[in-house]
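Residue-level listing of the chains:
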Amino acid sequence: MKRYLLNILGLFFPILLWAQGGQYDVVVVGGTPGGIMTAIAASREGKTAVILERSGHIGGLPANGLGATDISTRGATTGLFTEFVGHILDYYVEKYGKDSEQVKMCSDGYHFEPHVAAWVFDQMLAPEKERVTVLTMRQFDAKPSNVVMEGAQIKSIRIYNRETKKTEQYTGKVFVDATYEGDLGAAAGVPYSIGRESRDEYNEKGAGRLYKLWLGPELEGSTYEGDGNIQAYNYRLCLTNDPDNRIMPEKPKRYNRKEFLSLVDDVYSGTFAGVEMLDVTPEMQEANRKHIENGGTTQIPGDPWGIAKITNMVDLPNHKTDANNQHLALISTDLPEENWQWPTADWKWRDRFAQRLKEYTLGLLWFAQNDKALPEAFKANVREWGLAKDEYLDNDHFPRQVYVREGRRLHGEHFFTANDALPVSEGSRPPLYANSITASHYALDSHAVHKREKGKIALDGFFNYRAAVYTVPFGVILPQKVDNLLIPVPASATHVGFSTLRMEPCWMALGQAAGIAAALSIKQNKPVKELAVADVQEALVKEKATLIYFRDISVDSPDFEMIQYMGLRGYVTDWNANLDAPVDEATAERWSTMSGIKIDRFAGKTRGEILRALYSLIK
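It should be emphasised that the depicted structure is a prediction, and the values quoted were computed from it without experimental measurement. (Residues numbered from 1 in each chain as written. Predicted model: local features only at pLDDT ≥ 70, side-chain atom pairs only at ≥ 80, totals over all residues. Heavy atoms only, no water.)

A.B. asks: Whenever I open this one, the nonpolar core confuses me. Can you help?
C.D. replies: If you look at soluble globular proteins, the nonpolar side chains tend to sit buried side by side. Ranked by internal contacts, the top residues of the largest apolar core, which has 162 residues, are Phe84, Ile157, Ile477 and Leu486. By size, the runner-up hydrophobic cluster in this structure holds 11 residues, among which are Ala273, Leu328, Leu330 and Phe462. (Core = buried A, V, L, I, M, F, W, Y, C linked by side-chain atoms within 4.5 Å. Buried < 20%, exposed > 50% of the residue type's maximum accessible area, 1.4 Å probe, protein only.)

Spelled out as structure tokens, the structure:
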């Protein structure tokens, strides 16, 4: 009898071991903005969701210093992202008054303090609390053993609870990789890319090894060859010059002065990585050195001074800034090369790098404020700035999360390249994808891949090329090989293509699309890849998501749904819909051919009138 009991216990021991956790319709790994919007969108479609976040706080980078929203055309990306921006604006209006300086500095909700972003995410999740569960300190380790597969479907995943030190198992119908690293997709067997493609591979601007001055030409030494190296990470610092809310950085225990010494000559000589350096002569630099030695500031055109030499700052409310890496600098808060292992490393290695990056960043600030080799006027400027005392109260007022600009790029049904974001001809749109799930707009933008190299006046891998408002195909979030997984954050793209997709507004929009697709997959009992994209698009548009951008149509227009439908089908491809303009004969004939509906009484009709009539007939 005892042996029989032991056999029974042995049989059920694995079940007991993984008993903790839960079962949900949608399981989201990563409490990033993309993951949060996935859960909210799924909940609004009536489905349950769990967000599993490794750290103690959700919100990703907007809650960790990225307070100056990266979007080039406001109104291009809408839906839940617009709701987020609206909540930010409402917060400042309600707390400080509509005519306050804080409301002015929040730039209509696009600029915000880290703790405000965290609060807004909580506010957006609050109405969904019956269907959305948020669990922090839940670590997913990217090992195949942590994913239970049945054929091409994920059945459950195993999560390490960092508080209880126990493993939990989560079962779902659809899974979503909303990590910055692509951990879940990789563990589930989705192919992925890391590093840079060569220019020849996809004929992309910015691809491969590249030296380029900011806003300047590509330089000698650019081979355009691909490699497995990734762009640098940093921390987005929240700095303030308010003495009552300022904490001065302390010298780190593992401070290494040698790391920062190159800044000294850069300051005196006026060296920086902008296009203006092409016109700077040795004589100008020597004169600049003497001027600074005599107590002056830089006279080199375009050369940043003081705190701006080491950080690129955008003003936020309450005398704070979003302090990013300075793109004009040869040494700043980015730490290239040392992060190359991050995408595939375990969390022990990632935590060590995060600490190393923190000490490097604080060391740079301390050096710039105190080192004897730097001019006093320069140090005095930098000493005006410190960490904001009222941010990150549980982390010594320092951001809790590394800015992971790029990890694994999982392979999907569409591989987004630079050419998907660039106009097909001067003044026109980029390629128009009928299966678009969001419009978006930011430059093609990558940070350095290598540290400063002797004899080079620019950092390898740093580039910024203008793009235009583009459409993002559904296939970007549909991974290969796994049928019930969506990948709104580690999306399918080349390095250069990903360099524009990787902005939080776009990630939020892709997350919203993922949540809706997940819900529809469950409702229709279909793999996500078999969904009719028109169903996903219809649900997105009803939630005021912009799938194709028109300059003269807002989400509040009564024609918004119509123009989204007709625009994606090619009826209107110009930047302006011009609905009030009269329709011409050539356009009427084209629309008649496209629709199969004869348009013979168009005289005196506007474009809007004809389009509305066609929409009512073909929808």
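Now that the structure has been shown, we can carry on.
A.B. asks: Can you walk me through the sheet that holds strand 12 (residues 320-325) in this structure?
C.D. replies: Across a sheet, strands are paired by hydrogen bonds formed along the backbone, either parallel or antiparallel in direction. Read from one edge to the other, the open sheet built from 5 strands follows the order 10-13-9-12-11, with strand pairing classed as antiparallel. The open sheet has two edge strands with one neighbour each: strand 10 (246-247) and strand 11 (311-316). With 4 bridges connecting them, strand 9 (residues 237-240) and strand 12 associate as antiparallel partners. In the strand pairing of strand 12, Leu237 is matched with Ala323. (Pairing = 2+ DSSP bridges. Helix = DSSP H or I, 4+ residues; strand = E, 2+ residues; numbered from the N terminus.)

A.B. asks: Looking at this structure, I do not really get the packing of helix 17 (residues 585-595) against helix 18 (residues 607-618). What am I missing?
C.D. replies: At a closest axis distance of 12 Å, the pairing of helix 17 and helix 18 adopts a crossing angle of 5°. Here helix 18 runs roughly parallel to helix 17, going by the angle between their axes. Taking contact as the criterion, the partners of Thr587, Trp591 and Ser595 in helix 17 are, on helix 18, Arg607, Ile610, Leu611, Leu614 and Ile618. (Axes fitted to C-alpha atoms, helices over the stretch in contact; angles between N-to-C directions. Parallel < 35°, antiparallel > 145°, perpendicular 65-115°, else oblique. Contact = heavy atoms within 4.5 Å.)

A.B. asks: Where do I start with the pattern of salt bridges in this structure?
C.D. replies: When charged atoms on two side chains of opposite charge get close, those side chains can pair. Under the definition given, this model contains 39 salt bridges. Salt-bridge contacts for Asp394 lead to Arg400; the nearest nitrogen and oxygen are separated by 2.9 Å. Classification of Arg400 as partly exposed rests on a relative accessible area of 33%. Overlapping salt bridges bring together Arg196, Arg209, Asp227, Glu453 and Asp460 as one network. (Salt bridge = Lys/Arg side-chain N within 4 Å of Asp/Glu carboxyl O.)

A.B. asks: Teacher, can you tell me more about the pairing of strand 6 (residues 153-161) here?
C.D. replies: On any regular strand, side chains alternate: one points to one face of the sheet, the next to the other face. Pairing analysis gives 2 bridges linking strand 4 (residues 138-139) to strand 6, with the strands arranged antiparallel. Paired with Arg138 across the strands is Asn161, a residue of strand 6. As judged from the 4 bridges shared by strand 5 (residues 147-150) and strand 6, these two strands associate in the antiparallel manner. Along strand 6, the bridge assignment pairs Val148 with Ser156. Here strand 5 hands over to strand 6 after 2 residues, with Gly151 in that stretch at a positive phi of 65°. Bridge count between strand 6 and strand 7 (residues 166-177): 6 bridges; the pairing is antiparallel.

A.B. asks: Explanation requested: the layout of surface pockets in the structure shown.
C.D. replies: Empty space among the atoms becomes apparent when a probe as large as a water molecule is rolled across them. Here the largest pocket is characterised by a volume of approximately 820 Å³. Arg54, Ser55, Asp351, Arg400 and Gln401 are, among the 41 residues lining the largest pocket, the residues nearest its centre. Mapped onto the lining of the largest pocket, the elements with two or more residues apiece are strand 4 and helix 11 (347-370). For the lining of the largest pocket, the element with the highest residue contribution is helix 11, accounting for 6 residues. Broken down by class, the residue content of the lining of the largest pocket amounts to 17 nonpolar, 13 polar and 11 charged. In this structure, the second largest pocket encloses a volume near 380 Å³. Lining the second largest pocket are 21 residues, and of these Asp70, Asn312, Asn324, Tyr442 and Asp445 sit closest to its centre. For the lining of the second largest pocket, the per-class residue count stands at 8 nonpolar, 7 polar and 6 charged. (1 Å grid on protein atoms, 1.4 Å probe; cavity = no way out; pocket = protein on both sides within 12 Å on 5 of 7 lines; lining within 4 Å. Points joined across faces, edges and corners; volume = space filled by probe spheres on them. Nonpolar A, V, L, I, M, F, W, Y, C, P; charged D, E, K, R; others polar.)

A.B. asks: Explanation requested: the state of the cysteines in the structure shown.
C.D. replies: What is meant by a disulfide is a covalent connection between two cysteines, made through their sulfur atoms. Inspection of every chain in the model, using the stated rule, returns 0 disulfides. This cysteine, Cys106, is not joined by any disulfide, and Cys238 carries the nearest cysteine sulfur, 15 Å off. (Disulfide = S-S within 2.5 Å.)

A.B. asks: Can you help me understand the packing of aromatic side chains in this one?
C.D. replies: Two numbers describe a pair of aromatic rings. These are the distance of the centres and the angle of the planes. Tallying each qualifying case throughout the model produces 24 aromatic pairs. Where Phe84 meets Phe121, the ring centres are 4.9 Å apart and the plane angle is 25°; that geometry is what we call stacked. In this pair, Phe84 is assigned in helix 3 (residues 80-96) and Phe121 in helix 5 (residues 114-125), connecting sequence segments 37 residues apart. On the basis of relative accessibility, which here comes to 1%, the residue Phe84 falls in the buried class. Considering the side-chain rings of Phe416 and Tyr470, the 5.3 Å spacing of their centres and the 55° angle between planes classify their relative orientation as tilted. With Phe416 in the loop between strand 14 (409-410) and strand 15 (436-440) and Tyr470 in strand 18 (residues 470-473), the pair connects residues that are 54 residues apart, well separated along the chain. (Phe/Tyr/Trp six-rings, centres within 6.5 Å; stacked < 30°, edge-to-face > 60°.)

A.B. asks: What exactly am I supposed to notice about helix 17 here?
C.D. replies: Those residues of helix 17 lying buried are Thr587, Ala588, Trp591, Ser592 and Ser595. Angular distribution of buried residues about the axis of helix 17 spans 135°; they occupy a single face of the element. Among the exposed residues of helix 17, those oriented more than 90 degrees off its buried face are Ala586 and Thr593. Along its buried surface, helix 17 packs onto helix 18. At the N-terminal boundary of helix 17, the capping side chain belongs to Asp584, with an oxygen 3.2 Å from the backbone nitrogen of Ala586. Gly596, located one to two residues past helix 17, shows a positive phi value of around 75°. (Arc of directions from axis to C-beta. Polar contact = N/O pair within 3.5 Å; in protein donor to acceptor, adjacent residues only side chain to side chain.)

A.B. asks: Sorry if this is basic, but what is going on with the side chain of Arg350 here?
C.D. replies: Note on placement: Arg350 falls in helix 11. A residue is classified by how much of its surface remains accessible, and Arg350, at 1% relative accessible area, is buried. From its side chain, Arg350 meets the backbone oxygen of Trp342 in a polar contact 3.0 Å long. Here Ala345 takes part through its backbone oxygen, which lies 3.2 Å from a polar atom of the side chain of Arg350. Discounting residues that sit within four places of it in the chain, Arg350 has contacts with Glu181, Asp183, Trp342, Pro343, Thr344, Ala345 and Arg408.

A.B. asks: I keep staring at the environment of Glu406 and nothing clicks. Help me out?
C.D. replies: Along the chain, Glu406 falls in the loop between strand 13 (386-388) and strand 14. For Glu406, a relative accessible area of 1% puts it in the buried group. Along the backbone, Glu406 and Pro490 are 84 residues apart, and their C-alpha atoms lie at a distance of 8.0 Å. The residues touching Glu406, leaving out its near neighbours within four places in the chain, are Gly195, Ile230, Gln231, Tyr233, Pro343, His495 and Phe498.

A.B. asks: What exactly am I supposed to notice about helix 2 (residues 33-44) here?
C.D. replies: Given 3.6 residues per helical turn, the α-helix brings residues three or four places apart onto the same face. For helix 2, which comprises 12 residues, the first-to-last C-alpha distance of 16 Å matches the rise-based estimate of 16 Å (1.5 Å per residue) to within 8%. Here helix 2 lies mainly inside the structure; 11 of its 12 residues are buried. Here helix 2 has its buried residues at Pro33, Gly34, Gly35, Ile36, Met37, Thr38, Ala39, Ile40, Ala41, Ala42 and Ser43. The first or second residue beyond helix 2 is Gly46, which carries a positive phi of 90°. (Expected span 1.5 Å × (residues − 1).)

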